[in-house]
Amino acid sequence: VTITTRMLVSHLSGIRHYEKDITKVKEEKEKANRALKLTKSHQDKEQKEKEGKGIEKTDCVKQKKEHDSETKSRNSKPGRNDKEFEQEEYYLKEKFESVIESLKIFKNDPLFFKPGSQFLYSTYGFTLLSAVVERASGQKFTDYMLKMFRDLDMLSTVLDDNEAMIYNRARCYIYNKKGRLVNAPYVDNSYKWAGGGFLSSVGDLLKFGNALLYSYQAGQFKNRNGKLLPGYLKPGTVAMMWTPVPKTEVSWDRDGKYAMAWAVVEKNQQYGCCRQQRHYASHTGGAVGASSVLLILPEELDPETLGAWPVAPPRGVIVTIICNMQSVSLNSTALKIAREFDKEKRAQ
């Protein structure tokens, strides 16, 4: 078979995640699919009942409450469930000297499916991706990433190295079986630098989000007398990263699809004066004792007025949350915050 870097970055490679038993993975996916079908059928039934009651077309009916499913199935990464943190490989203590060396964990394991045919979130897929970066760049993956973080002015983003003295490093917590808050166990994340091995801050993640949003929008601001600096990435590159990929799914946001290392929701509105779906990109993060999210809600720009705008990009709302506690669902909270700030900006 052939596995491409695009398959790796969109989790279509067939490489396993932490669960080694493909039967258990299939069972969990079937449960998730059944739950999604029940949710959709319930929503369709409610819609038909509303239409049957003959609501006047001139009335703008505002939803009194959000769909219950918006707050469900958003516990971190696609395919994640409450039992994921029971996997032994989450708690590896072995220190790997390079990403190439860490490939030995899974390199002899069979693929779960033919690459490109199905979606399965895989941290190890990103470990292989980091090995590709290492070989292509001719540098250690960690050195390559730290240089990139410096270019992005993310000076508080570092390797999660247990031995290093890291200023303001937070202590991580979990709930034990009795429901009590305890310190998270010791782990060594050198086996998955690309999939969850960096420490960062809210400020640095905001810089990262701004750099991406600026790059995404910079090409649309053309009439600024050459004063607008180029983005860190080309606009087309970010647009490609934020374009949903077929056959993918996202557990933390039922409206979204997976793109290239991002979950993306596309702009959509089916009925007037009803629920409006804005275009945004997000990703959650989960580790032993920690949870996070970064959500980017781009402002909808009017091409006719871009040249006259006194304010340059980035235009939009960026929300990031980091907490030092395990298995905290944050995407729905980030989306609510983004929408509130967006409403405020529209009202001004």
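As recorded in an unreviewed UniProt entry, the protein chain goes by the name LACTB protein, listed as coming from Sylvia borin.

Caption draft 1: Molecular detail of the state of the cysteines. By the definition in use, this model includes zero disulfides. With no disulfide of its own, C274 lies closest to C273 among cysteine sulfurs, the gap being 6.9 Å. Sulfur of C323: no disulfide; nearest cysteine sulfur belongs to C172 and is 9.4 Å away.

Caption draft 2: The nonpolar core, seen in detail. Core analysis: the largest hydrophobic core is formed by 41 residues, its most contacted members being Y124, L212, W242, W262 and I296. Taken together, the elements giving at least two residues each to this core come down to helix 1 (5–9), helix 4 (123–137), helix 5 (141–151), helix 7 (202–218), helix 8 (235–241) and strand 8 (290–298). The biggest single contributor to this core is helix 4, with four residues. Viewed by domain, this core spans two of them, domain 1 (1–39 + 80–165 + 188–199) and domain 2 (215–347), each represented by three or more residues. Once residues lying within four places of it in the same chain are set aside, the contact partners of I296 are G209, L212, L213, W242, W262, Y280, A281, V317 and I318.

Caption draft 3: Up close: the sheet that holds strand 7 (residues 280–287). What the five strands build is an open sheet, ordered 5-6-7-8-9; its pairing is antiparallel. Sheet topology places strand 5 (257–258) and strand 9 (316–323) at the edges, where each strand pairs with a single neighbour. By the bridge criterion, eight bridges tie strand 8 to strand 9 in an arrangement that is antiparallel. Note that in strand 9 the partner of L295 across the bridge is V319. Taken strand by strand, helix 7 contacts strand 8 and strand 9, and its axis lies near 150° from that of strand 9.

Caption draft 4: Structural detail: the environment of S329. Mapped onto the elements, S329 comes out in the loop between strand 9 and helix 9 (331–347). Owing to a relative accessible area of 23%, S329 belongs among the partly exposed residues under this scheme. Sequence separation of S329 and W252 is 77 residues, and the distance between their C-alpha atoms is 8.2 Å.

Caption draft 5: Focus on the pairing of strand 7. Counting buried positions along strand 7 gives seven out of eight residues, so the element sits mostly inside the fold. Looking at chain direction, strand 7 and strand 8 are connected through seven bridges and run antiparallel. Residue G286 lies in a different strand from strand 8, and its bridge partner there is S291. Hairpin connection from strand 7 to strand 8: two residues lie between these consecutive antiparallel strands, with G289 at a positive phi of about 90°.

Caption draft 6: Just a nonpolar patch on the surface, in detail. On the surface, V1, I3 and L111 cluster together into a nonpolar patch covering about 270 Å² of accessible area. Topologically, V1 is positioned in the segment before helix 1. Since its relative accessible area comes to 79%, V1 is described here as exposed.

Caption draft 7: Looking closely at the environment of Q220. Checked against the element boundaries, Q220 lands in the loop between helix 7 and helix 8. The exposure class assigned to Q220 is partly exposed, which follows from its relative accessible area of 36%. Residues Q220 and L301, spaced 81 residues apart in sequence, show a C-alpha to C-alpha distance of 8.6 Å.

Caption draft 8: The environment of S291, seen in detail. Along the chain, S291 turns up in strand 8. Judged by relative accessible area, which is 3%, S291 ranks as buried. Sequence-distant contacts of S291, that is, excluding residues within four places in its chain, are made with G285, I321, I322, C323, M325, Q326, S327, V328 and L330. A distance of 3.3 Å separates a polar atom in the side chain of S291 from the backbone nitrogen of S327. At 3.1 Å, the side chain of S291 forms a polar contact with the backbone nitrogen of V328.

Caption draft 9: Structural detail: the side chain of T320. With respect to the helices and strands, the residue T320 is situated in strand 9. Accessibility expressed as a relative area gives 11% for T320, which makes it buried. A polar atom in the side chain of T320 sits 3.0 Å from the backbone oxygen of V293.

Quick notes on the rules
- Residues numbered from 1 in each chain as written.
- Predicted model: local features only at pLDDT ≥ 70, side-chain atom pairs only at ≥ 80, totals over all residues.
- Heavy atoms only, no water.
- Disulfide = S-S within 2.5 Å.
- Core = buried A, V, L, I, M, F, W, Y, C linked by side-chain atoms within 4.5 Å.
- Buried < 20%, exposed > 50% of the residue type's maximum accessible area, 1.4 Å probe, protein only.
- Helix = DSSP H or I, 4+ residues; strand = E, 2+ residues; numbered from the N terminus.
- Domains from an automatic or database assignment.
- Contact = heavy atoms within 4.5 Å.
- Pairing = 2+ DSSP bridges.
- Axes fitted to C-alpha atoms, helices over the stretch in contact; angles between N-to-C directions.
- Patch = residues over 30% accessible without salt bridge, like charges linked within 9 Å, V, L, I, M, F, W, Y side chains within 5 Å.
- Areas by Shrake-Rupley, 256 points an atom, 1.4 Å probe, with all protein chains shown as cover.
- Salt bridge = Lys/Arg side-chain N within 4 Å of Asp/Glu carboxyl O.
- Polar contact = N/O pair within 3.5 Å; in protein donor to acceptor, adjacent residues only side chain to side chain.

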